[in-house]
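Given next are the chains, with one letter for each unit.
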Amino acid sequence: MSVARSLTLPTSTRDWRTLGRTLRLVLTIPRYAVGALVGAGAAMTLFVLTQNLQFARFALTGSGLTLEDRLTLLGELYPFVGTIYGPAFSVALVVLAGLVGANLTLTAYHVREHGLSGGESAGGLVGVTLATLGSGCAACGAALLSGVLSLVGAAGLVTALPLDGLEVAIVAGGVLLLSMHWIAQGLRGGRINGCPVDI
Amino acid sequence: MDNSPIRRDRRAVLRGLAAGAVGLAGLAGCLERGGDGESGDNPFAGGGDGGQSSDGPDTTADGGGGDLEIGVVGDDTALADHPSVRDLSGQPYFGPPPGEGAGTVVAFEDTSCSRCAAFEEGTVERIRTELAASGDATFVFRGFPILYPSTSRPACAVLEATLDRSPRAHFAMVREYFTNQNEYSADDVYDRSETRLNELTDLDGAAVVADAKEGAFDAAVETDVAAGEAAGASSTPAIYLFRDGEFRTMASGSLSFEAVKTTLGL
């Protein structure tokens, strides 16, 4: 499979069906399904810790806290468990974490079975980076994005974002989907768990 | 001022999302807040001391379980040295004087930030009624207009001009900005503030807004921003928590009341 062929854009229903089937077949293998869950959990933890590292450190090491207190405070960091994030960003974070988990498991499968091209892996890396930045906007952290944009002289751009920075999370999701599409294209023509990838 | 179509589009999108959220909340039977009435359920409404100086605790409001002390921080506090309490003298608080109760919450907030509005509604309100009124904890507000400064910076200037006249009226306007957040834009923040000052407080709204427009309180706004930046606040709300005067930790985002209470050991 050439890099040029695998780095096409998903333009047809068939592309999306291939991606879905590839992911479903990989997740039928228990160790990859567990890997996807662990990856999603790790991604979520990365997202929330980048926002509240100091608070997490206090929850883990602060004096005078019971185990229940520590669990309460750690749970506070996560969407839907605590109240730090609003509904829209909570959904976005869960979706992004799920996409990162799926991306990681597809990447792991591809590496173990076929090796991986630079373009395919770079897409996932960019997606995770954007997803982490997107999580930074979730707690009114558009300021975080402002800081990044100010490096390129475009700090004011953030005020033009109609969704208060949710746009970054949406872009991150797109990049992750693109990366997964590329990996799925790389697996076409083969078999996963005994089943043909091609529909 | 920012009158761009993009800015108006952002407001339109946010209003649409807010309308959807309110609709869902209403369906779930959780709708509690009006917000369009003259004072609504603003617990600080009616404040304003006719121009009285605001040195020290001088006003009270119904704290839910009794009178709530509202004031401005004096020159000395019992709080440990920390960047978040830099230049704390003159800052507004409710509850016991900072450091004298078991817990102190110092919050840096942007009046245009939706998570700050959620924090105000869900957490600050319970701090007021369950911790501050009983003397267990103090809440200190510091403006941090960094997200949408075209709207929130004028709002913070109005807040500082209000605080100069009355701490209670200041908290009435803080509650107003968060409760009716989507009603304020860069175009009308001064005009609407003047109207609401006249409706919610005994102050002369035109005089307060005139002071804000003239930049008389820009330095006060900048003092809070500098303290927030020194404390490492990069998003809002940025919440700094002290127990027995000692800094414990900080959190970014709309921290729940339970988490605040647990962190403070209350």
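Residues numbered from 1 in each chain as written. Chains lettered and ligands numbered in written order. Predicted model: local features only at pLDDT ≥ 70, side-chain atom pairs only at ≥ 80, totals over all residues. Heavy atoms only, no water.

Draft legend 1. Broad picture of the overall build of chain A. Helix and strand counts for chain A stand at 9 helices and 2 strands. The order of α-helices and β-strands along chain A, N terminus first, is α-α-α-α-α-α-α-α-α-β-β. Within chain A, the proportion of its 199 residues that are buried is 48%. Taking as baseline every contact in chain A between residues at least 6 positions apart, the subset at least 24 positions apart corresponds to 73%. Of the accessible surface of chain A, which amounts to about 8900 Å², a share of 69% is contributed by carbon and sulfur atoms. (Helix = DSSP H or I, 4+ residues; strand = E, 2+ residues; numbered from the N terminus. Buried < 20%, exposed > 50% of the residue type's maximum accessible area, 1.4 Å probe, protein only. Contact = heavy atoms within 4.5 Å. Areas by Shrake-Rupley, 256 points an atom, 1.4 Å probe, with all protein chains shown as cover.)

Draft legend 2. Examining the environment of Ala43 of chain A more closely. All names here are of chain A. By the secondary structure assignment, Ala43 is in helix H3 (residues 30-51). Since its relative accessible area comes to 7%, Ala43 is described here as buried. Between the C-alpha atom of Ala43 and that of Leu99, which follows or precedes it by 56 residues, the distance is 9.4 Å. Beyond its immediate sequence surroundings of up to four residues, Ala43 is in contact with Ala97 and Val100.

Draft legend 3. Spatial organisation of the side chain of Thr249 of chain B. Tracing the sequence through the fold places Thr249 of chain B in strand E7 (residues 246-252). Owing to a relative accessible area of 0%, Thr249 of chain B belongs among the buried residues under this scheme. Within the local environment of Thr249 of chain B, its side chain forms a polar contact with the backbone oxygen of Gln54 of chain A, the two atoms lying 3.3 Å apart. In this structure Thr249 of chain B touches Gln54, Phe55 and Phe58 of chain A together with Ile239, Tyr240, Leu241 and Thr263 of chain B, once residues within four positions along its chain are discounted. (Polar contact = N/O pair within 3.5 Å; in protein donor to acceptor, adjacent residues only side chain to side chain.)

Draft legend 4. Structural detail: helix H7 (residues 218-230) of chain B. Residue and element names in this part refer to chain B. When the terminal C-alpha atoms of H7 are compared, their 18 Å separation across 13 residues agrees well with the 18 Å that a helix rising 1.5 Å per residue should span. Among the residues of H7, Val221, Asp224, Val225, Ala227 and Gly228 are the ones counted as buried. Considered in projection along H7, the buried side chains sweep an arc of 160 degrees and stay on one side of the axis. For H7, the exposed residues set more than 90 degrees away from the buried face come down to Ala219 and Glu229. Close packing links the buried residues of H7 with strand E4 (103-109), strand E5 (137-143), helix H3 (149-163) and strand E6 (238-243). (Expected span 1.5 Å × (residues − 1). Arc of directions from axis to C-beta.)

Draft legend 5. Broad picture of the nonpolar core. Counting 91 residues, the largest nonpolar core has Ile192 of chain A together with Phe94, Val105, Phe139 and Leu255 of chain B as its most contacted members. Residue contributions to this core peak at 10 residues, all from helix H6 (residues 87-114) of chain A. With sequence-adjacent residues up to four places away left out, Val105 of chain B is seen in contact with Ile127, Thr138, Phe139, Val140, Ile239, Tyr240, Leu241, Val260 and Leu264 of chain B. If you look at the next biggest cluster of nonpolar residues, it comprises 17 residues, including Val85, Val106, Phe108 and Tyr240 of chain B. (Core = buried A, V, L, I, M, F, W, Y, C linked by side-chain atoms within 4.5 Å.)

Draft legend 6. Geometry of the pattern of salt bridges. Residues and elements named next belong to chain B. The final tally for this structure, using the stated rule, is 11 salt bridges over all chains. With its nearest N and O atoms 2.9 Å apart, the salt bridge here joins Asp224 to Arg142. Pair noted here: Asp224 is in helix H7 and Arg142 is in strand E5, with a separation of 82 residues, a long-range link. Summarising the burial analysis for this pair, Asp224 and Arg142 share the class buried. Notably, a salt bridge pairs Arg165 with Asp211, separated by 2.6 Å at the nearest N-O pair. Residue Arg165 is located in the loop between H3 and helix H4 (167-179), and its partner Asp211 is located in helix H6 (residues 205-213); the two are separated by 46 residues in the primary sequence. (Salt bridge = Lys/Arg side-chain N within 4 Å of Asp/Glu carboxyl O.)

Draft legend 7. Focus on the packing of aromatic side chains. Residues and elements named next belong to chain B. In total, this model carries 10 aromatic pairs over all chains according to the counting rule given. Seen from their ring centres, Phe108 and Phe144 are 5.7 Å apart, and the 75 degrees between their planes marks the pair as edge-to-face. Residue Phe108 is located in strand E4, and its partner Phe144 is located in the loop between E5 and H3; the two are separated by 36 residues in the primary sequence. The class of Phe108 is buried, set by a relative accessible area of 0%. Assessed through its relative accessible area of 1%, Phe144 is described here as buried. On the numbers, 6.3 Å between centres and 35 degrees between planes, the contact of Tyr240 with Phe247 is tilted. Three or more aromatic residues joined by ring pairs form one cluster here, namely Phe108, Phe144, Tyr240, Phe242 and Phe247. In this arrangement the basic side chain of Arg128 is found over the ring face of Phe44, its NZ or CZ atom lying 5.8 Å from the centre. Here the guanidinium or amino end of Arg192 rests over the ring plane of Tyr184, the centre of that ring lying 5.2 Å away. (Phe/Tyr/Trp six-rings, centres within 6.5 Å; stacked < 30°, edge-to-face > 60°. Lys NZ or Arg CZ within 6 Å of the ring centre and 35° of its normal.)

Draft legend 8. Quick peek at the packing of H3 of chain B against H4 of chain B. Residue and element names in this part refer to chain B. Running from N to C, H3 and H4 point in directions that differ by 155 degrees, and their axes come no closer than 7 Å. Compared by their axis directions, H3 and H4 come out roughly antiparallel. Two secondary-structure elements touch here, H3 through Ala155, Val158, Leu159, Thr162 and Leu163 and H4 through Pro167, Ala169, His170, Met173, Val174 and Tyr177. Taken together, the residues of the contact of H3 with H4 sort by class into 9 nonpolar, 2 polar and no charged. (Axes fitted to C-alpha atoms, helices over the stretch in contact; angles between N-to-C directions. Parallel < 35°, antiparallel > 145°, perpendicular 65-115°, else oblique. Nonpolar A, V, L, I, M, F, W, Y, C, P; charged D, E, K, R; others polar.)

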